[in-house]
Amino acid sequence: MPIVALFCSLTIYLSAISFVESTYIAYNTSGSLVPAKINVHLVPHSHDDVGWLKTVDQYYFGGNNSIRGACVQNVIESVMAALFEDKNRKFIYVEMAFFQRWWRQQSETMKVNVKELVNSGQLEFINGGMCMHDEATSHYIDLIDQTTLGHKFIKAEFGQLPRVGWQIDPFGHSAVQAYLLGAELGFDSLFFARIDYQDRAKRLNDKDLEVIWQGSKSLGSTSQIFTGIFPRHYDPPDGFTFEINDVSPPIQDDILLFDYNVQERVKDFVAAALAQANVTRTNHIMWLMGTDFRYQYANSWFRQMDKFIHYVNQDGRVNVLYSTPSIYTDAKYAADEQWPLKTEDFFPYADHPNAYWTGYFTSRPSFKGYVRMMSGYYLAVRQLEFFKGRSSSGPNTKKLADALAIAQHHDAVSGTQRKHVAADYALRLSIGYKEAEKLVASSLAFLVESTSSIKEDKNVTNFQQCPLLNVSYCPASEAALSEEKSLIVLAYNPLGWKREEVIRIPVSMENVVVHDSSGKAIASQLLPISNTTLRMRNKYVKAYLGKFPSETVKYWLAFSVALPPLGFSTYTVSTTKQREHSSTISMVFTSDDGTKQTIEVGQGSLKLLYSADDQKLFHFANSRTLASGAYVFRPNQTLTIKSEFRSPLTFVRGPLLDEVHQQVNPWISQITRVYKEKEHAEVEFSIGPIPVDDGIGKEITTQISTTMMTNKTFYTDSNGRDFIRRIRDFRTDWDLQVNQPVAGNYYPINLGIYVHDNSTELSVLVDRSVGGSSLVDGQIELMLHRRLIYDDKRGVGEVLNETTCFSNGCEGLTIQGRIFVKIDRLGEGARWRRTVGQEIYSPVLLAFSEQDGNDWMNSHSLTFSGIDPSYALPNNVAIITLEELENGEVLLRLAHLYESGEDEENSVMASVELKRLFPKKKIVKVRELSLSGNQERSEMERKRLVWKVAGTTGTKVVRGGAVDPDKLVLELAPMEIRTFSIHLNSHQTSTTSG
């Protein structure tokens, strides 16, 4: 009987469907906004990392697929074909490093068709930088440069202006991202995914995932931005991913096939939409239809989205449409809602109770240092190219610009990439440096040539540079000198104010004397090169160059250089037979010599006192001052490193500076320097190879301890700009449940960190991105190096175990870096932090040449300043871009260095005289632009959306006014950065501004 019943029912079913035809279905994808319904904005996207598990080029063309089957070229081509099929479909693209690669290989016909997609709004460029940059370990100047490069490409090829920030994957979000790389670009909104799991839970509960973010207390509401945080990750709700191998059930709507599921899938869609609407303000929600490297077969996504739009809209309970973040932003704005206010930033980020992503603040410290060094160099090179005059042929900065832009990716400078990818990034930087090095040499040669030497048609000066100077390798300065041959040292200052600094170069001779450009002998000092530095010199020169150094260096030669703003001075180093005229050889002694229990270091206002017994610094006095994976940091325990042997301190004294050499153990050493004319201490550290043969990975920190009562409070910078107050075990936006008291209190540091009590400030500046904290009152802690033996299971799939290979095998990476320490009266530390911070970012650029006799010095310009010789920028202003563009105009970017209320003298409106910046040119026209230079600032402000904010938004901020075309004086308010395009002419003509 049951069998007969089953047969009968099957017969009836087959009879029914035999009268139904399977025909073409014209899906209605023309969804639009419906005011009375929940509107689900489907945003098709692919998150394409500009390097991570594979190199940027491997990701693009689909190489090395044994690691991951990802080919961005397929993504872009597949998406274009899908968009051509249906004018209602939309797609957003973010990473211009990839799109530029694809674009330059397209036919003119394809370019015309793609431009139609862009103009119609089907294809929209979001964010628009060369990469989706990191927000923790990157410097604000690099972020501006890489974004400018991408926006320039979009404007030139498509005439478009990106409206939306799209930082969906970086591991925490900075205040600088909100106001500088958001509002100041003209963006109307900013979206991202990753925030602390506790923060997300509270925001979901309070419907506070969308906010108005004021990232700068100095600029306040003048630079705020609507910010959306996704309720989950940057992928669709569960059950709605449709890459060709994904497991989500597709809509099966052919009645002749089994598993027909239209009603079931519509029900799932509506349920997911209602769930998200319950945690979102207004009747608009966004679904991110995509994730990492999706749309390699775009129709597998668009086919399903077409069906969902068609059937869900037929159902009628919610409304669904193809959309973009720009359309979504406009809908949110039109809702006329009052939005909660967010200040400060979103650091640190944890995705689970014991998983704080704070280790990457330090991961790959050598690469972080290299990026920072190339960043400062790139700034200086563009200045020199401007002074020489841009040429359409010859060496240029394009390769360095591209390499630096890609290096800002959130899996590049962050240190969260695989080892071979890190090597690829470094190689690109090296190639870019070599090209830019030629440009520097030719620019300096042009600037030093005097009229007489040009008339006599003498050979152009051959300037050499020394990129391995940090390991005491500089062939130009090491070469043997004679009575006939001396060394020319040219020192260029990229800063806009005068500068005096002690420089050090390696030399192989003792009897040398230094003369300045007037021919006057100046004080100089010979210092011993430490054994650690010599070991690094021999090993790493061989590793990098394939050969050992040909010379044996004996000393560092130190002497003071006095440099004009944006200019250079030249010095000569020559031999002398008169001992009394030659450089002073430093006095060297150890803590074991003599009977002194306390040893004083420093000849100026700063004095350091060391204990001979404890081998430690115990007093820092200024006579002018009152005295765990690539991503995750999860320390099992904190141990003090104890020396495996008692090595005495070595003290070096001389007329310019004193040094203290300390060998902590066989793989950690440091040199503390106190300069006679400086009020801070410089600590150079060498760490590595970190031993892991005990089966334990290690993260090396340094601690500076005082007796200051700092009330759990410390301050760290945001990408080198604003300082943000941090309170140990506390978050402003929610009640923190403390699970990781060490890692959960670490923050990214790009410029510095400081603490203060009611009378004193202790500041520490860094030469690259590091992680740091104040885990104990009065103490500052910095993580300097990491070497681990386990992966943290966050996607990279490789242990953070950096090694360097030599002819006799490989060993753990040794790094060398510097920190700078100063104590000030309360309220006076900002001046030092801002000034010295600029000097660290923009070091003196050294170039070397030779001269026979005095011929060179007598026939060349020995000093130069690119601005009016009697002028210097105000102490609170820096030039962060001076670049001649292809059209002959000059891109000028000026930054106010201080926050409002940070310093009594410098936190004020600053003025810059453009006529004195360009004394040899007539300023024809000045146009103020957006931060990335892709639109007029006035037009950007006219289009800016003014959002309603719940509660108070603070006091009114007055920013720099328009530039008077006659006076040509521009103003900058605290923390303001202004960008100008300037048309210069050598001849007198009328002047206008706009």
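In the block above lies the structure referred to throughout.
In this report, the structure presented in the accompanying data block is examined. A quick note: this is a predicted structure, and the numbers were derived from the prediction, not measured. (Residues numbered from 1 in each chain as written. Predicted model: local features only at pLDDT ≥ 70, side-chain atom pairs only at ≥ 80, totals over all residues. Heavy atoms only, no water.)

This brings us to the pairing of strand S8 (residues 284-289). In terms of burial, S8 is largely enclosed, as six of its six residues are buried. The alternating pattern of S8 places His 284, Met 286 and Leu 288 and Ile 285, Trp 287 and Met 289 on opposite faces, both of which are buried. (Buried < 20%, exposed > 50% of the residue type's maximum accessible area, 1.4 Å probe, protein only. Helix = DSSP H or I, 4+ residues; strand = E, 2+ residues; numbered from the N terminus.)

Our next topic: empty space enclosed by the protein. If you add up the space inside the largest cavity, you get close to 140 Å³. Forming the boundary of the largest cavity are 14 residues, of which His 139, Gly 720, Leu 751, Gly 837 and Gln 838 lie nearest the centre. Among the elements that line the lining of the largest cavity, the one with the most residues is helix H18 (residues 829-841), at five residues. Taken as a whole, the second largest cavity encloses approximately 110 Å³ of empty space. Contributing to the lining of the second largest cavity are Phe 191, Leu 209, Glu 210, Gly 228, Ile 229, Phe 230, Pro 231, Gln 276, Val 279, Thr 280, Met 286 and Tyr 328. (1 Å grid on protein atoms, 1.4 Å probe; cavity = no way out; pocket = protein on both sides within 12 Å on 5 of 7 lines; lining within 4 Å. Points joined across faces, edges and corners; volume = space filled by probe spheres on them.)

This brings us to the state of the cysteines. The full count for this structure, using the stated rule, is two disulfides. Sulfur-sulfur distance for the disulfide between Cys 466 and Cys 474 comes to 2.0 Å. Of note, the bridge from Cys 466 to Cys 474 carries an S-S torsion of about 55° and is right-handed in sense. Of the two residues, Cys 466 and Cys 474, both sit in the buried class. The disulfide bridge from Cys 805 ends at Cys 810, spanning 1.9 Å between sulfur atoms. Between Cys 805 and Cys 810, the S-S torsion sits near 100°, and that sign places the bridge as right-handed. Residue classification places Cys 810 among the exposed positions, given a relative accessible area of 52%. Ordinal numbering of bonded cysteines along the protein defines a disulfide pattern of 1-2, 3-4. Left without a disulfide partner, Cys 71 is nearest to the cysteine sulfur of Cys 131, which lies 20 Å away. Classification of Cys 71 by relative accessible area gives buried; the value is 8%. The exposure class of Cys 131 is buried, given its relative accessible area of 1%. (Disulfide = S-S within 2.5 Å.)

Another point: the environment of Phe 346. Assignment of secondary structure puts Phe 346 in the loop between strand S11 (341-343) and strand S12 (350-352). In sequence terms Phe 346 and Ile 195 are 151 residues apart; their C-alpha atoms lie 6.4 Å from each other. In this structure Phe 346 touches Gly 172, His 173, Phe 192, Ile 195, Asp 199, Arg 203, Trp 213 and Ile 229, once residues within four positions along its chain are discounted. (Contact = heavy atoms within 4.5 Å.)

A two-sided burial pattern is seen for strand S5 (residues 189-192), the buried positions comprising Ser 189 and Phe 191 on one face and Leu 190 and Phe 192 on the other. Pairing of S5 with strand S7 (residues 224-229), which is carried by four bridges, proceeds in the parallel orientation. When the sheet's bridge partners are listed, Leu 190 is paired in S7 with Thr 227. (Pairing = 2+ DSSP bridges.)

Right, let's get into the packing of helix H3 (residues 72-85) against helix H5 (residues 108-120). H5 packs onto H3 with a crossing angle of 65° between their chain directions and a minimal axis gap of 11 Å. In terms of crossing hand, the pair formed by H3 and H5 is left-handed. In this structure, H3 uses Met 80, Leu 83 and Phe 84 to contact H5, whose residues at the interface are Met 110, Asn 113, Val 114 and Leu 117. Residue classes in the contact of H3 with H5 are distributed as six nonpolar, one polar and no charged. (Axes fitted to C-alpha atoms, helices over the stretch in contact; angles between N-to-C directions. Left-handed = near helix turned anticlockwise from the far one by under 90°. Nonpolar A, V, L, I, M, F, W, Y, C, P; charged D, E, K, R; others polar.)

Another point: helix H10 (residues 299-315). An α-helical turn contains 3.6 residues, so any two residues separated by three or four positions project in the same direction. With 17 residues, H10 extends 24 Å from end C-alpha to end C-alpha; this agrees with the ideal 24 Å at 1.5 Å per step. Most of H10 is tucked away, with 13 of its 17 residues classed as buried. (Expected span 1.5 Å × (residues − 1).)

Let's shift gears to the side chain of Glu 976. Of note, Glu 976 is situated in the loop between strand S48 (969-972) and strand S49 (977-985). Exposure remark for Glu 976: the relative accessible area of 3% places this residue in the buried category. Within the structure, Glu 976 has its side chain in polar contact with the backbone nitrogen of Ala 973 (distance 2.8 Å). With residues near it in sequence (within four places) discarded, Glu 976 still touches Leu 219, Arg 721, Leu 894, Ala 895, His 896, Arg 959, Gly 960 and Glu 971. (Polar contact = N/O pair within 3.5 Å; in protein donor to acceptor, adjacent residues only side chain to side chain.)

Let's shift gears to helix H13 (residues 398-407). Burial within H13 is extensive, with seven of its 10 residues counted as buried. Residues of H13 that are buried include every one of Leu 400, Ala 401, Ala 403, Leu 404, Ala 405, Ile 406 and Ala 407, and no others. Residues of H13 that are buried sit in contact with helix H4 (96-103), helix H6 (140-158), helix H12 (365-388) and helix H14 (419-448).

Attention now goes to the packing of aromatic side chains. Describing an aromatic ring pair means giving the distance of the ring centres and the angle of the ring planes. This model, assessed by the stated rule, comprises 53 aromatic pairs. On the numbers, 5.1 Å between centres and 55° between planes, the contact of Tyr 349 with Trp 357 is tilted. Like Trp 357, Tyr 349 is buried. Site record: aromatic cluster; members linked through ring pairs are Phe 91, Phe 240, Phe 242, Phe 269, Trp 287, Tyr 295, Trp 301, Phe 302, Phe 308 and Tyr 322. One residue, Lys 539, lies across the ring of Phe 806, its end atom 5.4 Å from the ring centre. (Phe/Tyr/Trp six-rings, centres within 6.5 Å; stacked < 30°, edge-to-face > 60°. Lys NZ or Arg CZ within 6 Å of the ring centre and 35° of its normal.)

Ranked by size, the top nonpolar core spans 128 residues in total, and within it Phe 99, Leu 123, Leu 914 and Phe 918 carry the most contacts. Listed in part, the 53 residues of the second largest apolar core include Ile 599, Leu 606, Leu 608 and Val 660. (Core = buried A, V, L, I, M, F, W, Y, C linked by side-chain atoms within 4.5 Å.)

Overall, antiparallel pairing links the three strands, which are arranged S23-S24-S25 in an open sheet. With partners counted over all chains shown, the strands left at the sheet margins are strand S23 (598-601) and strand S25 (616-622), one partner each. Within this sheet the neighbouring strands show an average axis-to-axis angle of 25°, counted without direction. For strand S24 (residues 606-611) and S25, the ladder comprises six bridges, and the chain directions are antiparallel. Bridging across to S25, Leu 606 finds its partner in Asn 622.

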